[in-house]
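Overview (structure and organization)
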Amino acid sequence: MRSYEVEGWGRGEVAYEGRRLLWHELPRPGRAANAASDPLVERIRRYFAGEPVSFDDVRLDLSWATPFQRALVETLRAIPHGETVTYGELAALAGRPNAQRAAGTFCARNRFGLVVPCHRVVAAGGIGSYGSLGVEYKRRLLALEGADAAL
């Protein structure tokens, strides 16, 4: 596991097995860690500096995922920087148009932070939640990408 720090956001962590990403924790304030650097961490820092960084080539450990969860991952990774979809749209794009609740549950348990960008998924009537990081964190991410964070 490697820790990293992003100015104005806090500290986060990434964990690998070989070249596959097992887990990515978004940065949050007040977390103690030793800052590390590697190519992915540098991309994460550039993202938080406002660059439209791609994570498409990051290999993920999806051994635990069902076929629908794998479809959700592929669909989420295809949502362009700065754009949003609703949970219903996400489910439909992943091949299960009536599974918006399952799509929301998947996003709530997402272990890949920016690499599988669940912050780009919003509720039909507003921004929706963002787990323990909260709605304001989600708004900051969307604003960083130039998306409409006023949902």
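Look up a bit, the structure's there.
Since this is a predicted model, take the numbers as computed values, not measurements.

**Considering the overall build of the chain**
In terms of regular secondary structure, the chain is built from 5 helices and 6 strands. For the chain, the C-alpha radius of gyration of 15 Å lies close to 15 Å, the compact-globule estimate for 151 residues. In terms of overall dimensions, the chain has a C-alpha envelope of 45 × 35 × 25 Å along the principal axes. A burial count over the chain gives 44% of its 151 residues as buried. Measuring between centres, the 20 positive side-chain charges of the chain sit 6 Å from its 17 negative side-chain charges.

**A short note on helix α1 (residues 39–48)**
Among the residues making up α1, those that are buried are Leu 40, Val 41, Arg 43, Ile 44, Tyr 47 and Phe 48. For α1, the arc enclosing every buried residue in end-on projection is 160°, short of the 170-degree limit, so these residues lie on one face. On its buried face, α1 sits against β1 (2–6), β2 (10–17), β3 (20–28) and α5 (135–144). Note on α1: the residue one or two positions beyond its end, Gly 50, has a positive phi of about 100°.

**Things to note about the packing of helix α2 (residues 67–78) against helix α4 (residues 100–108)**
The interhelical angle for the contact between α2 and α4, taken along N-to-C directions, is 75°, at an axis separation of 11 Å. Put simply, α2 runs roughly perpendicular to α4. When α2 is examined against α4, the residues Phe 68, Gln 69, Leu 72, Val 73 and Leu 76 are found in contact with a partner set consisting of Ala 102, Ala 103, Phe 106 and Cys 107. In terms of residue class, the contact of α2 with α4 is made up of 8 nonpolar, 1 polar and no charged.

**As for the nonpolar core**
Judged by nonpolar contacts, the single largest core of 41 residues is most densely connected at Phe 48, Phe 55, Leu 60, Leu 76 and Leu 141. Listing elements by their share of this core, those giving two or more residues are β1, β3, α1, α2, α3 (87–93), α4 and α5.

About the criteria used
Position numbers for residues count from 1 along each chain, tracking the sequence in the order it is written. Only residues with pLDDT of at least 70 get local features here, since the model is predicted, and only at 80 or more are side-chain atom pairs given and counted; chain-wide, interface and lining totals rely on the full set of residues. Excluding hydrogens and water, the side-chain values take into account all heavy atoms of the structure. In this text, helices come from DSSP runs of H or I with a minimum length of four residues, and strands from runs of E with a minimum of two, each type numbered from the N-terminal end. Radius of gyration means the value over C-alpha atoms here, while the globule rule gives 2.2 Å times the residue count to the 0.38 power. A 1.4 Å probe rolled over the protein chains alone gives each residue an accessible area, and that area as a share of the maximum for its type sets the label: buried under 20%, exposed over 50%, partly exposed in between. Residues scored as positive are Lys and Arg, those scored as negative are Asp and Glu, and His as well as the terminal groups of each chain are ignored. Charged side chains are reduced to one point each, which is NZ for Lys, CZ for Arg, CG for Asp and CD for Glu. The arc refers to the directions leading from the helix axis to the C-beta atoms. Residues are treated as being in contact if the distance between any of their heavy atoms lies within 4.5 Å. Note on geometry: axes are C-alpha line fits, over the in-contact stretch for helices, and angles between N-to-C directions span 0 to 180 degrees. The cut-offs work like this: below 35 degrees is roughly parallel, past 145 is roughly antiparallel, 65 to 115 is roughly perpendicular, and the gaps in between are oblique. When residue character is reported, Ala, Val, Leu, Ile, Met, Phe, Trp, Tyr, Cys and Pro are called nonpolar, Asp, Glu, Lys and Arg charged, and the others, Gly included, polar. We define the nonpolar core as a collection of buried residues of types Ala, Val, Leu, Ile, Met, Phe, Trp, Tyr and Cys that are connected through side-chain atoms lying within 4.5 Å of one another.

By themselves, these figures tell us nothing about what the structure is for.
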